[in-house]
Amino acid sequence: MKVLLNHPVREVEVKGPRRVKELLQELSLLPEAVLVVRGDDLVTGDDLLRDEDRVEIRPVMSGG
Amino acid sequence: MRCRKCKERAVLEIPRHHTAFCKTCFTEFVHAQIERAITEEKMFTKTDRVLVAVSGGKDSLSLLDILRKLEYRADAFYVDLGIGEYSRQSKAKVEHFTLTRGIPLYVHELKEDEGAGINDLADLVHRPTCSVCGTLKRYHFNRTAVELGYNVLATGHNLDDEASRLFGNVLHWQTEYLEKQGPTLPASVEGFAKKVKPLFRLAEREIAAYAIVNKIDYIVEECPNSKGAKMLLYKDILNRLESESPGTKQAFYWGFLAKQKSEERTRPSMAEQDQASLRPCATCGQPTTAEICSYCKLMARAKKDGPAPVGS
């Protein structure tokens, strides 16, 4: 699947299927600091992502 | 995962509340948290005029969206800091958001009114950009609210902002700043609007989720000046604690607020302290503890040291 990351914007290819929480672990991302969006929808940790999915990992921290 | 309320597909898990919500129930949860914050902290009522300081980011645009949906009299104010492409994009987001919803928007242009963008001003006065930015924004937020007849100024500070700020202040024992870390600051003297932070009960991740669920088009890009900011480091540390022990951030900040409230009777109120220490700035008339307020001092220094006329 194609995974879009931000800060800086880049795209990585990750083999599916895998759970959202597994994807975050593999990318060393803290679940509390990001949201995962599939298409236009938010997904939770136990949702299964497949090869055909387009996924964005949206950071939630801002400078304050 | 299923929504704890209606059993539809969940879109967000909230470990600190041991719950998960679908789109509809999550939006209701957010609205209820904001209503609770407004009521419990005596922020404002439906008759007050509220000016929301918007940046184009998820927090301030979500706040404006929620206040409007809850039928509060909320309008928007944006300060254009003149930070190249970042400011152009964030301003475009704010303009699109307000225009499509018919919300009045007031804009202050730093380059027009102060004669330079934030980076040039910071260079001129030899101060960190974020510090100059804070001084300028606080000044214009208050001044614009008062001049336009808004009695309340609302900002999009969330639980993570407040917990990380408290963390930084405690780490450095900056106890003098703790007093003003509550979600409601009174309009204690003439020339001050009441300052409120209605998002203080909601985590940053919840606000971002609200913006996505409700299709709010916000700027995801970070301010280029915030790179390496201490506040981001504190947020990261708190997020690590939160992941291991859900509820840490709210226990830290809400616990602090509860402690402050329990001590209220034993010391003078913030309004009494302000009334004793504040007077009008000799240059602009805004309330300040010194003879000249920090904004006017900053602008005087920029004019003195600047190669070109600044703010003239």
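Throughout what follows, the structure given in this document is the object of discussion.

Cut-off values and rules
Residues numbered from 1 in each chain as written. Chains lettered and ligands numbered in written order. Predicted model: local features only at pLDDT ≥ 70, side-chain atom pairs only at ≥ 80, totals over all residues. Heavy atoms only, no water. Helix = DSSP H or I, 4+ residues; strand = E, 2+ residues; numbered from the N terminus. Buried < 20%, exposed > 50% of the residue type's maximum accessible area, 1.4 Å probe, protein only. Contact = heavy atoms within 4.5 Å. Areas by Shrake-Rupley, 256 points an atom, 1.4 Å probe, with all protein chains shown as cover. Pairing = 2+ DSSP bridges. Axes fitted to C-alpha atoms, helices over the stretch in contact; angles between N-to-C directions. Expected span 1.5 Å × (residues − 1). Arc of directions from axis to C-beta. Parallel < 35°, antiparallel > 145°, perpendicular 65-115°, else oblique. Polar contact = N/O pair within 3.5 Å; in protein donor to acceptor, adjacent residues only side chain to side chain. Phe/Tyr/Trp six-rings, centres within 6.5 Å; stacked < 30°, edge-to-face > 60°. Lys NZ or Arg CZ within 6 Å of the ring centre and 35° of its normal.

With that settled, consider the overall build of chain A. Of regular secondary structure, chain A possesses one helix and seven strands. The buried share of chain A, taken over its 64 residues, is 50%. At a minimum sequence separation of 6, the contacts of chain A that also span at least 24 residues come to 55%. On chain A, roughly 3300 Å² of surface is accessible, and the fraction owed to carbon and sulfur atoms is 47%.

Here we take up the sheet that holds strand β7 (residues 184–185) of chain B. Residue and element names in this part refer to chain B. The six strands lie next to each other as β5-β4-β3-β6-β8-β7, forming an open sheet whose pairing is mixed. The open sheet is flanked by β5 (105–109) and β7, the only strands paired with a single partner. Taken together, the two bridges between β7 and strand β8 (residues 194–196) define a ladder with antiparallel strand orientation. Among the inter-strand pairings, T184 is bridged to a residue of β8, identified as V196. Together, β4 (73–80) and β5 form the strand contacts of helix α3 (residues 84–101), whose direction differs from that of β4 by roughly 160°.

Right, let's get into helix α9 (residues 230–244) of chain B. Residue and element names in this part refer to chain B. For α9, which comprises 15 residues, the first-to-last C-alpha distance of 22 Å matches the rise-based estimate of 21 Å (1.5 Å per residue) to within 8%. Considered for burial, the residues of α9 that qualify are L232, Y234, K235, L238, N239 and E242. Down the axis of α9, the buried set is contained in an arc of 155°. They therefore lie on one face. Away from its buried face by more than 90 degrees, α9 exposes K230 and E244. Of the surrounding secondary structure, the elements contacted by the buried residues of α9 are α7 (159–171), α8 (204–213) and α10 (248–262).

Across the sheet, which stays open at both edges, the five strands sit in the order β2-β1-β7-β4-β5 (chain A) with mixed pairing between neighbours. Sheet topology places β2 (10–13) and β5 (41–43) of chain A at the edges, where each strand pairs with a single neighbour. For this sheet, the mean inter-axis angle between neighbouring strands, taken without regard to orientation, is 30°. Relative to strand β7 (residues 54–59) of chain A, strand β4 (residues 34–38) of chain A runs antiparallel, the two sharing five bridges. When the sheet's bridge partners are listed, A:V36 is paired in β7(A) with A:I57. Relative to β4(A), α8(B) is tilted by about 20°, and along the sheet it contacts β4, β5 and β7 of chain A.

As a further point, take the environment of B:Y210. Residues and elements named next belong to chain B. With respect to the element layout, Y210 can be found in helix α8. Spatially, the C-alpha atom of Y210 lies 35 Å from that of Y295, the residues being 85 residues apart in sequence. For Y210, the contacting residues outside a window of four places in its chain are F26, T27, V30, H31, S62, D65, I66, K69 and I216.

In this section: the packing of helix α5 (residues 118–125) of chain B against helix α12 (residues 294–305) of chain B. When two helices pack together, their arrangement is given by the angle between their axes and by how far apart the axes lie. All names here are of chain B. Following both chains from N to C, one finds α5 and α12 inclined at 80°, their axes separated by 8 Å at the closest point. One finds that α5 runs roughly perpendicular with respect to α12. Facing α5, whose interface residues are L121, L124 and V125, α12 presents L298, M299, R301, A302 and D305.

Residues and elements named next belong to chain A. Buried residues dominate β4, accounting for four of its five residues. In the sheet, β4 pairs with β5 via three bridges, with the strands oriented antiparallel. Counted as the bridge partner of R38 is D41 from β5. Linkage of β4 to β5, two consecutive antiparallel strands, is achieved through a turn of two residues, within which G39 is found at a positive phi near 65°.

The next subject is the side chain of B:E204. Summarising the element assignment, B:E204 is placed in helix α8. Of the polar contacts made by the side chain of B:E204, one reaches the side chain of A:S62; its length is 3.1 Å. If we skip the residues at most four places from it in the chain, B:E204 touches A:V60, A:M61, A:S62, B:K58, B:D59, B:N158, B:D160, B:D161 and B:K235.

The description of an aromatic ring pair uses the distance of the two centres, along with the angle that the planes make with each other. Residues and elements named next belong to chain B. Counted under the stated rule, the structure contains 10 aromatic pairs over all chains. Both rings, one in F167 and one in Y234, keep their centres 5.5 Å apart while their planes meet at 85°; by these two values the pair is edge-to-face. One end of the pair, F167, is in helix α7; the other, Y234, is in helix α9, and 67 residues separate them in sequence. Residues F167 and Y234 agree in their burial class; the two are buried. Aromatic rings pair up to connect F21, F26 and F29 into one cluster. Over the aromatic face of F192 sits the side chain of K195, whose NZ or CZ is 4.3 Å from the ring centroid. Looking at R201, its charged tip hangs above the ring of W254, at a distance of 4.4 Å from the centre.

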